[in-house]
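Observations on chain architecture
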Amino acid sequence: MVTTRTETGPLIDGATGKWEIVIGMEVHAQVLSKAKLFSGASAEFGADPNAHVSFIDAGMPGMLPVINRFCVEQAVRTGLGLKAQINKSSVFDRKNYFYPDLPSGYQISQYKQPVVGEGIVLVDLPGGKTIEVGIERLHLEQDAGKSLHDQHPDQSFVDLNRAGVALMEIVSRPDLRSAEEAAAYLKKLRAILRYLGTCDGNMEEGSMRADVNVSVRKPGGPLGTRCEIKNVNSMRFVAQAVDYEARRQVDIIEGGGTIKQETRLFDSKKGETRSMRSKEEAHDYRYFPDPDLLPLEFDDAFVARIKASLPELPDDKKDRFMKDYGLSSYDAGVLVAERESADFFERVARGRDAKLAANWVINELFGRLNKEGKAVGESPVSAAAMGSIVSLISDGTISGKIAKDVFEIVWTEGGDPAAIVETRGMKQVTDMGAIEAAVDQVIAANPQKVEQAKAKPSMVGWFVGQVMQATGGKANPQAVNELIKKKLGLE
Amino acid sequence: MSKLTDLTIAEARDGLKKKAFSAVELTEAHIQSVEKARVLNAFVTETPEIARAAAADSDKRIASGAMRPLEGIPMGIKDLFCTKGVLTTAGSHILDGFKPPYESTVTRNMFNDGAVMLGKLNMDEFAMGSSNETSYYGPVINPWRRKGSDTKLVPGGSSGGSSASVAARLVMGATGTDTGGSIRQPAAVTGIAGIKPTYGRCSRWGIVAFASSLDQAGPMARTVRDCAIMLKSMASHDPLDSTSVDLPVPDYEAAMTGNIKGLRVGIPKEYRIDGMPAEIEALWQKGIAWLKDAGAEMVDVSLPHTKYALPAYYIVAPAEASSNLARYDGVRFGLRVPGKDITSMYENTRAAGFGREVQRRILIGTYVLSAGYYDAYYIKAQKLRTLIARDFEEAYAKCDVLLTPTAPGPAFGIGEKTDDPISMYLNDVFTVTVNLAGLPGLSVPAGLNADGLPLGLQLIGKAFDEATLFRVGEVIEKAAGATPRPQSWWEV
Amino acid sequence: MSVDKETVRRVARLARIAFPEERLEPMAGELNRILAWVEQLNAVDTSKVEPMTSVVKVSLKMREDAVTDGARAPEVVRNAPAGEDNYFAVPKVVE
Ligand SMILES: [Mg+2]
Ligand SMILES: [Zn+2]
């Protein structure tokens with residue numbers, strides 16, 4: 001597989017000098033379908049042993065596959081979301097090997113002719129850089145069952161509930177160059193899938209799993225031998241696995257050894273990768289077209305129908321946020337990372353000062369949500385409430401400082417911000433008479449400071465502070481400032 | 001009572017309707033002949049109790065005037081069809097004790113139409129064989145013998161239990177499956193009729209798979225009409241089989257008008273193979289003469305790639321089989337032979353569970369699919385299939401149906417060919433092209449040879465034109481005259 | 001392409017069929033005779049021929065996405081040689 005990435009990425013240090021990490025990913029994303037790819041059994045996660053199993057999934061004699069149209073549509077939908085080539089004719093092949101959780105002795109997958117071809121994913125890196133990651137292909141295939149090794153001293157138990165569940169295998173080109181890039185790619189891919197609604201991206205339940213191919217090379221040199229690290233099931237683990245594996249390979253090569261191409265398993269407890277004994281044997285999968293199925297064919301109308309139903313995707317949304325709301329690339333990026341966050345922001349920003357809205361949503365709301373480990377959907381402060389707080393600030397009813405108090409009240413007690421400001425007398429004082437009285441009082445009480453201020457006008461800040469204190473923060477800081485300057489004859 | 005077993009399905013249907021006898025009487029008569037014929041080894045499992053219950057139910061329905069198309073007809077089911085709650089072995093040790101929790105679509109169709117199951121019929125292991133000698137349950141013996149000889153002959157294969165039990169009057173009809181000739185060749189060497197329908201006509205759901213792109217179920221019975229009656233019930237569009245075709249099933253009997261005037265019958269010259277026995281050539285000529293007399297017009301056609309059909313078949317079928325048989329691993333059903341670890345459990349189970357011929361074909365199939373050989377063998381063979389199918393398309397521009405011999409010779413002795421796989425494979429030389437092209441083929445009994453052994457003629461039709469095969473087949477059948485029944489030497 | 005003893009060993013391993021040493025050589029012979037026989041296909045020029053993809057000229061039928069099966073674990077495991085509480089059991093697998 002060739003890389004489309006030309007410039008050298010970040011490097012790591014070895015005893016003999018710098019090394020470049022080259023990473024490609026195979027992501028298995030479970031299609032959000034009710035039933036399995038080739039059987040009518042439920043694809044739902046978590047059930048009693050073999051409760052979501054049909055005779056087809058159990059590989060019983062004479063059982064035959066019939067494909068689930070919805071799964072085909074979701075694969076095409078995802079392909080369109082990856083700006084990829086859609087193949088109107090594709091073929092299901094049998095991948096033959098023996099394993100207890102593979103009941104038929106073969107996995108129905110797509111080998112030579114996948115339903116989706118080459119595409120592209122744009123990945124924003126912390127620090128503002130954006131990289132293009134090439135997508136090699138996306139194909140539909142069956143998931144395998146589960147072997148449990150810890151239930152019995154000398155037996156493994158087999159549960160086929162997952163066997164036959166529809167997966168989309170999304171294969172990237174080796175265009176990633178660091179643990180950070182790998183994690184960012186996975187995060188972006190997950191966002192796209194969730195925007196499309198084709199996969200829930202739940203890595204804990206295994207509905208999204210990453211196999212990471214890692215190799216190292218001298219900067220700009222030829223690609224090294226890669227190792228495939230299986231089932232790395234969180235963003236954090238991807239980063240850990242890459243760093244560990246790259247270091248391991250560099251040490252071996254610098255120690256005079258060579259890397260042998262192999263499948264390795266990530267041990268999340270130890271944070272290490274180790275060789276998979278079950279995969280040691282050289283495989284010969286004997287792929288051939290599944291004679292129980294015909295070629296998968298659809299027309300342009302089929303694709304067009306799906307295309308017409310695509311939502312606005314993260315990249316387009318980000319551009320629009322920057323253009324329409326004048327947001328920074330960073331702020332827009334943060335807001336579109338999850339469809340829910342973007343929607344929340346837009347409800348807050350509608351008809352209001354968008355920059356101010358972005359500030360409050362990102363800093364106050366998201367900050368607080370993260371601190372309490374809550375999702376946007378669980379926010380105690382509704383978009384409407386957040387919006388009215390923003391309005392109250394922009395129309396000068398409350399100062400930013402007071403707004404923080406209002407936010408705190410709505411977060412903990414709930415309620416309508418406008419009403420809270422009203423009943424709790426948190427409005428800014430705009431009555432100049434009252435402000436002037438307060439200013440005169442402060443000036444009268446501090447003659448020597450008045451002298452200093454005349455020499456050093458920056459002292460005005462001190463007076464403003466005093467006045468704000470005297471008015472419980474409710475005086476309009478702008479008005480106070482001007483008034484003081486006037487009275488001290490500083491303009 | 002014994003003559004009840006000589007009736008055809010059509011005659012029995014009329015007798016039951018007229019209440020000349022009851023379904024229970026008809027079934028009891030057959031149960032008796034099954035019990036008397038155990039030396040033929042035609043059954044793996046006898047199910048007399050299931051049969052009696054079904055027959056009693058049939059009599060109720062007949063009494064209430066709700067008679068179904070196969071009401072009360074005693075049938076045998078090839079042991080490749082999964083039958084709910086009844087041992088299903090595919091003639092293999094590896095399926096020891098397997099009782100499917102489901103019913104194959106074809107047998108369900110038959111039972112819904114009133115068929116009575118007498119039992120599960122012996123067969124070559126996983127339908128891999130042409131003589132029924134590869135069955136784990138031992139060979140089936142052909143009810144026919146050479147004149148003045150008691151040499152045990154094979155009943156053909158793989159549907160040998162089906163052919164023998166129909167010919168010996170143990171059942172009125174039987175299901176078979178045909179991957180390379182497994183319905184037509186055994187039918188021919190036991191003097192009965194059998195049809196391999198167009199691929200996709202009968203559902204494969206619930207039939208133990210051998211080679212998925214070639215397997216097709218079909219009826220075997222003593223007359224062409226009986227086959228037509230059975231196929232009408234067996235065939236259906238099945239949403240559970242992606243390769244089953246959504247076409248209405250015609251009334252085949254209605255199409256049997258006896259009129260073939262002006263019908264163009266193709267005679268493919270490539271079927272005149274070297275070393276073909278004179279009696280087969282003579283039989284073929286007789287068939288040509290009969291059809292001419294009936295007003296049909298003979299056309300010489302060419303199927304140039306015929307000689308490549310068998311080699312192509314022996315790549316495609318084993319390749320598909322090697323994958324289809326991977327599920328017999330000792331984990332979810334059937335035989336398990338322990339091993340020190342999972343791999344040796346697999347290897348021991350499959351070594352003990354599969355017979356020699358099945359192992360040989362799995363190895364061939366695994367080899368031709370393995371890295372580096374796939375294109376040279378599998379793709380090459382699939383390209384030959386394209387050419388063979390094209391040959392037929394071109395021939396059908398000139399004719400409506402093809403006439404050929406069914407098998408290169410009569411039934412041979414048990415053990416005569418077992419040591420030479422290729423000579424065994426050659427039994428399918430006239431039948432296998434039809435499977436590769438997915439076309440329908442009917443074998444019609446066409447008389448006895450000098451030794452008094454039955455021979456058959458094959459009619460090959462256009463896709464989904466089984467109706468024409470039945471119409472022409474009945475004409476040949478009439479001209480050939482009723483095949484006598486074999487001497488019942490086996491009766492104890 | 002001629003099959004030797006080692007090839008039979010490798011292929012038998014791929015097919016998960018235990019083969020006693022003494023049967024490898026004879027099986028190599030049998031396979032070679034069959035392969036030699038099928039190699040007559042090489043006499044045909046197929047450079048311009050498409051391999052057959054489906055016997056019947058129909059398009060792949062598709063199912064609607066509805067749960068119509070499952071919830072029958074006892075039936076699924078009933079024929080299993082070994083198992084416990086609706087699990088299949090196999091000799092311990094090391095990953
Ligand atoms: Mg992969
Ligand atoms: Zn995969």
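Residues numbered from 1 in each chain as written. Chains lettered and ligands numbered in written order. Predicted model: local features only at pLDDT ≥ 70, side-chain atom pairs only at ≥ 80, totals over all residues. Heavy atoms only, no water.

A word on the overall build of chain C. Helix and strand content of chain C: three helices and three strands. When its helices and strands are written in sequence order, chain C yields α-α-β-α-β-β. Its C-alpha atoms give chain C a radius of gyration of 23 Å, clearly above 12 Å, the size a compact globule of 95 residues would have. A principal-axis box enclosing the C-alpha atoms of chain C has dimensions of 55 × 45 × 25 Å. A burial count over chain C gives 47% of its 95 residues as buried. Per element, the accessible surface of chain C, about 4,900 Å² overall, is 51% carbon and sulfur. Here chain C carries 14 positive and 16 negative side-chain charges, and the mean point of each set is 2 Å from the other. (Helix = DSSP H or I, 4+ residues; strand = E, 2+ residues; numbered from the N terminus. Rg over C-alpha atoms; globule rule 2.2 N^0.38 Å. Buried < 20%, exposed > 50% of the residue type's maximum accessible area, 1.4 Å probe, protein only. Areas by Shrake-Rupley, 256 points an atom, 1.4 Å probe, with all protein chains shown as cover. Lys, Arg positive; Asp, Glu negative; His and termini not counted. Charge placed at Lys NZ, Arg CZ, Asp CG, Glu CD.)

Helices and strands together make up the secondary structure of chain B, namely 15 helices and 11 strands. The C-alpha atoms of chain B give 21 Å as radius of gyration, which agrees with the globular expectation for 492 residues (23 Å, within 12%). Along the three orthogonal principal directions, the C-alpha set of chain B runs to about 65 × 55 × 50 Å. Expressed as a percentage of the 492 residues in chain B, the buried residues total 68%. Of the contacts made within chain B by residues no fewer than 6 positions apart, 77% connect residues no fewer than 24 positions apart. If you sum the accessible surface of chain B, you get close to 14,200 Å²; carbon and sulfur atoms cover 54% of it. (Contact = heavy atoms within 4.5 Å.)

Residue and element names in this part refer to chain C. Averaged over every residue, the pLDDT of chain C is 94; residues scoring 70 or more account for 98%. Within chain C, the lowest mean pLDDT, 95, falls on helix H2 (residues 21-38), and the highest, 98, falls on helix H3 (residues 73-77). Among the prediction metrics, the complex's ipTM stands at 0.97, with pTM recorded as 0.93. (pLDDT = per-residue confidence, 0-100.)

With 30 residues of chain A at the contact, the number on the chain B side is 37 residues. Together, the buried faces of chain A and chain B total about 2,800 Å²; carbon and sulfur atoms form 59% of this surface. For chain A, the biggest contributors to the area lost against chain B are Pro61(A), Leu64(A) and Phe98(A); these three give 22% of the whole. The closest approach of N and O atoms between Asp292(A) and Arg204(B), which form a salt bridge, is 3.1 Å. (Buried area = accessible area lost by both parts, 1.4 Å probe. Salt bridge = Lys/Arg side-chain N within 4 Å of Asp/Glu carboxyl O.)

Residue and element names in this part refer to chain B. For strand E10 (residues 441-448), the buried fraction is high: seven of the eight residues fall into the buried class. Where strand E5 (residues 193-196) lies against E10, three bridges are found, and the strand directions are antiparallel. Bridged to Lys196 within E10 is Gly441. Of the pairings in the sheet, the one linking E10 to strand E11 (residues 454-460) comprises six bridges and is antiparallel in character. Within the sheet, the bridge partner assigned to Pro445 lies in E11 and is Gly456. Counted between consecutive antiparallel strands, the loop separating E10 from E11 contains five residues, among which Gly452 sits at a positive phi close to 80°. (Pairing = 2+ DSSP bridges.)

A complete count under the given rule lists 34 aromatic pairs over all chains for this structure. Ring geometry for Tyr136(B) and Tyr137(B): centres 5.2 Å apart, planes at 85°, overall edge-to-face. On the basis of an interplanar angle of 55° and a centroid distance of 5.8 Å, the ring pair of Tyr314(B) and Trp37(C) is categorised as tilted. One end of the pair, Tyr314(B), is in helix H9 (residues 309-324); the other, Trp37(C), is in helix H2, on a second chain. Judged by its relative accessible area of 1%, Tyr314(B) falls in the buried class. Lying over the aromatic face of Trp462(A), Lys449(A) brings its terminal NZ or CZ to 5.0 Å of the ring centre. (Phe/Tyr/Trp six-rings, centres within 6.5 Å; stacked < 30°, edge-to-face > 60°. Lys NZ or Arg CZ within 6 Å of the ring centre and 35° of its normal.)

What follows deals with the nonpolar core. Of all hydrophobic cores here, the largest spans 209 residues; its most connected members are Phe126(B), Phe392(B) and Leu403(B). A per-element tally of this core places helix H12 (residues 374-395) of chain B first, with 11 residues. What Phe126(B) contacts, discounting residues up to four positions off in sequence, is Ala90(B), Ser92(B), Ile94(B), Leu95(B), Val208(B), Phe210(B), Leu325(B), Tyr328(B), Phe354(B) and Val358(B). Residues Cys71(A), Val133(A), Ala166(A) and Met426(A) belong to the second largest nonpolar core, which totals 111 residues. (Core = buried A, V, L, I, M, F, W, Y, C linked by side-chain atoms within 4.5 Å.)

Residue and element names in this part refer to chain A. At this site the magnesium ion (ligand 1) is bound by Glu26 (OE) and Glu169 (OE), with donor distances of 2.5 to 2.6 Å. Taken as a pair, the magnesium ion (ligand 1) and the zinc ion (ligand 2) show a spacing of 3.8 Å, with Glu169 coordinating each metal. Of this pair, Glu26 sits in strand E2 (residues 17-30) while Glu169 sits in strand E11 (residues 166-172), and the two are 143 residues apart along the sequence. The same class applies to Glu26 as to Glu169, namely buried. (Donors = N, O, S within 2.8 Å, 3.2 Å for Na, K, Ca; no water.)

Turning our eyes to something else, we now look at the interface of chain B and chain C. Interfaces are frequently sized by the accessible area removed from exposure as the parts join. Every contact between the two is made by 69 residues of chain B and, on the other side, 49 residues of chain C. Interface area, chain B with chain C, both sides summed: about 5,200 Å², of which 69% is carbon and sulfur. Summed over the shared surface of chain B and chain C, the result is three salt bridges. Here Arg13(C) ties to Glu347(B) by a salt bridge, and the two come within 3.3 Å at their closest N and O atoms. Counting every contact that joins chain B to chain C gives 19 residue pairs in polar contact (both at pLDDT 80 or more). Residue assignment for the side of chain B that touches chain C shows that the elements contributing at least two residues are H9, helix H10 (342-353), helix H11 (356-369), H12, helix H13 (421-425) and helix H14 (432-437) of chain B. (Polar contact = N/O pair within 3.5 Å; in protein donor to acceptor, adjacent residues only side chain to side chain.)

Bound to the zinc ion (ligand 2) on the protein side are His28(A) (NE2), Glu141(A) (OE) and Glu169(A) (OE), at distances that span 1.9 to 2.1 Å. You can call Glu169(A) buried: its relative accessible area is 10%.

Moving on, we get to the sheet that holds strand E6 (residues 106-109) of chain A. Residue and element names in this part refer to chain A. Spatial ordering of the open sheet is given by E6-E5-E16, a layout of three strands whose pairing is antiparallel. The open sheet is flanked by E6 and strand E16 (288-289), the only strands paired with a single partner. Pairing of strand E5 (residues 93-96) with E16, which is carried by two bridges, proceeds in the antiparallel orientation. In the sheet register, Arg94 faces E16, and the bridge partner there is Phe288.

Before going further, it helps to examine the sheet that holds strand E9 (residues 146-148) of chain A. Read across the sheet, four strands follow the order E9(A)-E10(A)-E3(C)-E2(C) without closing on themselves; strand pairing throughout is antiparallel. This sheet does not close on itself; its edge strands, each paired only once, are E9 of chain A together with strand E2 (83-84) of chain C. Strand direction decides the pairing type here: E2(C) and strand E3 (residues 87-91) of chain C, joined by two bridges, are antiparallel. When the bridges of E3(C) are listed, Glu84(C) appears paired with Tyr87(C).

What follows deals with the environment of Ser443(B). All names here are of chain B. Here Ser443 is to be found in strand E10. Taking the C-alpha atoms as reference points, Ser443 and Gln458, separated by 15 residues in sequence, lie 4.4 Å from one another. A distance of 2.9 Å separates polar atoms of two side chains, one belonging to Ser443 and the other to Thr406.

All names here are of chain B. Contact geometry for H9 and H11: axes closest at 7 Å, N-to-C directions at 100°. The angle between the axes of H9 and H11 places the two elements in the roughly perpendicular class. Two secondary-structure elements touch here, H9 through Tyr314, Ile315, Pro318, Ala319 and Ser322 and H11 through Arg361, Ile362, Ile364, Gly365, Thr366, Val368 and Leu369. Per-class residue counts for the contact of H9 with H11 are eight nonpolar, three polar and one charged. (Axes fitted to C-alpha atoms, helices over the stretch in contact; angles between N-to-C directions. Parallel < 35°, antiparallel > 145°, perpendicular 65-115°, else oblique. Nonpolar A, V, L, I, M, F, W, Y, C, P; charged D, E, K, R; others polar.)

This paragraph deals with the environment of Gly197(A). Residues and elements named next belong to chain A. Positionally, Gly197 belongs in the loop between helix H2 (179-196) and strand E12 (208-217). Between the alpha carbons of Gly197 and Leu310 there is a distance of 9.7 Å; along the sequence they are 113 residues apart. Gly197 has contacts with Leu32 and Gln74, leaving out every residue within four places of it along the chain.

For the rest of this paragraph, the subject is the pairing of strand E15 (residues 272-275) of chain A. Across four bridges, strand E14 (residues 263-267) of chain A lies against E15(A) in antiparallel orientation. Counterpart to Arg264(A) in the pairing with E15(A) is Ser275(A).

In this section: unusual backbone geometry. If a residue is not glycine, its phi is most likely negative; likewise, a peptide bond is most likely trans. For the peptide bond that leads from Gly157(B) to Ser158(B), omega is 10°, which places it in the cis range. Along the chain, Ser158(B) turns up in the loop between strand E3 (116-121) and helix H5 (160-167). Of note in this structure, Asn86(C) is not a glycine but carries a positive phi near 65°.

Another point: empty space enclosed by the protein. Residue and element names in this part refer to chain A. This structure, assessed with the given rule, holds eight cavities of 30 Å³ or more. In this model, the largest cavity occupies a volume close to 220 Å³. Lining of the largest cavity is provided by 20 residues; of these, Ile56, Asp57, Ser104, Ile108 and Gln142 occupy positions nearest its centre. Counted by class, the lining of the largest cavity contains 10 nonpolar, five polar and five charged residues. (1 Å grid on protein atoms, 1.4 Å probe; cavity = no way out; pocket = protein on both sides within 12 Å on 5 of 7 lines; lining within 4 Å. Points joined across faces, edges and corners; volume = space filled by probe spheres on them.)

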